[in-house]
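An overview of the molecular structure
Okay, here's what each chain looks like letter by letter:
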Amino acid sequence: MIDEGKALNHLYDEKYVKKQLNEFKALYKEFARNPSSYKRISATRLIPIQASLDQHAESVDCRKGCSYCCNYRVEAYSYEIIALYYHIQAQFKTDLKEQLLSRIQEAANKIAPLDPVSHYKTNIQCPMLLDGVCSVYAVRPMACAAFYSSNSSTCEYQYNNPDDLVTAAAGIPQLNLDTQLEKDIAGFGLDRAKHDNVQYELVTSLLALFDAPSLIKRWKKGRAIFHNRTPG
């Protein structure tokens, strides 16, 4: 977690960090009051992550339709999961929403008996992946936005060998730092707001919201509403 006033000053401009942190805190407070602002709170971190990826576009091997990584375990902050919930409720027509909910339930059933390590070793397709494309791309979690590869053959290998948790992803050191900073800003902002800054497994948490939307009222009061906490 970054330290306010000392946030990776040896690598990043302190003014940038403080500006981004203040923007996140303001938009987070607005989101807690007004659910319709879910796109804005998502964009506050997704836009700079995408900007970092664009700077390294020639070295990043990710392309639309390549979805190996959409079979991995994803962990997200509560507010990101709630933003996804609002997005699906607002943007999906009834038939597609029913189809998506069925897919979420099916994936959650597969995840339920797995501990986190077993889940990391098991390919379970993200239910939001429809026809090879992310159907919630505009509000996807930071974990998804910041996941990239400079060599898609490494992703293919990891997909075909999910038990291998040792082989490292084909990353770019500076890009790793840039995207991690954006995630840290969100985590630190949540901590300062005295809201839950733990990350949770995405699919089962999203299903919990559809099963019990009243959980959002508890979240607005700063309470933790999910239980599938990521160890460590």
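Structural notes, computed from the coordinates. Please read these numbers as outputs of a predicted model, since none were measured by experiment.

Here we look at the overall build of the protein chain
- Helix and strand counts for the protein chain come out as ten helices and four strands.
- Of the regular secondary structure in the protein chain, the N- to C-terminal order runs α-α-β-α-α-α-β-β-α-α-α-β-α-α.
- The C-alpha atoms of the protein chain give 17 Å as radius of gyration, which agrees with the globular expectation for 232 residues (17 Å, within 12%).
- The principal-axis extents of the C-alpha atoms in the protein chain amount to approximately 45 × 45 × 35 Å.

Structural notes on helix 3 (residues 78-91)
- A rise of 1.5 Å per residue sets the reference length of helix 3, with its 14 residues, at 20 Å; its end C-alpha atoms lie 20 Å apart and thus fit the reference within 8%.
- Among the 14 residues that make up helix 3, eleven are buried, leaving the element largely enclosed by the rest of the structure.
- Within helix 3 the residues assigned to the buried category are Ser78, Tyr79, Glu80, Ile81, Ile82, Ala83, Leu84, Tyr85, Tyr86, His87 and Ile88.

A closer look at helix 1 (residues 14-33)
- Compared with the 28 Å implied by 1.5 Å per residue over 20 residues, the 29 Å span of helix 1 between its first and last C-alpha is a close match.
- On its buried side, helix 1 packs onto helix 2 (38-55), helix 3, helix 8 (173-192) and helix 10 (215-220).

Some details on the packing of helix 2 against helix 3
- Where helix 2 meets helix 3, the closest approach of the two axes is 9 Å, and the angle between their N-to-C directions is 130 degrees. In terms of their interaxial angle, helix 2 and helix 3 are classed as oblique. Along this stretch, helix 2 crosses helix 3, giving a crossing that reads as left-handed. Residues Tyr38, Lys39, Ile41, Ser42 and Arg45 of helix 2 form the contact with helix 3, whose own contacting residues are Tyr79, Ala83, Tyr86, His87, Ala90 and Gln91.
- In terms of residue class, the contact of helix 2 with helix 3 is built from six nonpolar, three polar and two charged.

Observations regarding the side chain of His195
- Topologically, His195 is positioned in the loop between helix 8 and strand 4 (199-201).
- Those residues in contact with His195, other than ones at most four positions away along the chain, are Tyr28, Leu190, Trp219, Lys220, Lys221 and Gly222.

Observations regarding the nonpolar core
- The biggest cluster of nonpolar side chains holds 58 residues, and the ones touching the most others in it are Phe31, Tyr79, Leu206, Leu209 and Trp219.
- At eight residues, helix 3 tops the list of elements feeding residues into this core.

Considerations on the pattern of salt bridges
- Under the counting rule described, the total for this entry stands at five salt bridges.
- Where Glu75 meets Arg73, a salt bridge forms, and the shortest distance between an N and an O atom there is 2.8 Å. Like Glu75, the residue Arg73 is buried in the burial classification.
- The shortest N-O distance in the salt bridge between Glu106 and Lys110 comes to 4.0 Å. In this pair, Glu106 and Lys110 are both assigned in helix 4 (residues 94-111), four residues apart and thus about one turn of the helix distant.
- With a relative accessible area of 47%, Lys110 lands in the partly exposed category.

Cut-offs applied
Residues numbered from 1 in each chain as written. Predicted model: local features only at pLDDT ≥ 70, side-chain atom pairs only at ≥ 80, totals over all residues. Heavy atoms only, no water. Helix = DSSP H or I, 4+ residues; strand = E, 2+ residues; numbered from the N terminus. Rg over C-alpha atoms; globule rule 2.2 N^0.38 Å. Expected span 1.5 Å × (residues − 1). Buried < 20%, exposed > 50% of the residue type's maximum accessible area, 1.4 Å probe, protein only. Contact = heavy atoms within 4.5 Å. Axes fitted to C-alpha atoms, helices over the stretch in contact; angles between N-to-C directions. Parallel < 35°, antiparallel > 145°, perpendicular 65-115°, else oblique. Left-handed = near helix turned anticlockwise from the far one by under 90°. Nonpolar A, V, L, I, M, F, W, Y, C, P; charged D, E, K, R; others polar. Core = buried A, V, L, I, M, F, W, Y, C linked by side-chain atoms within 4.5 Å. Salt bridge = Lys/Arg side-chain N within 4 Å of Asp/Glu carboxyl O.

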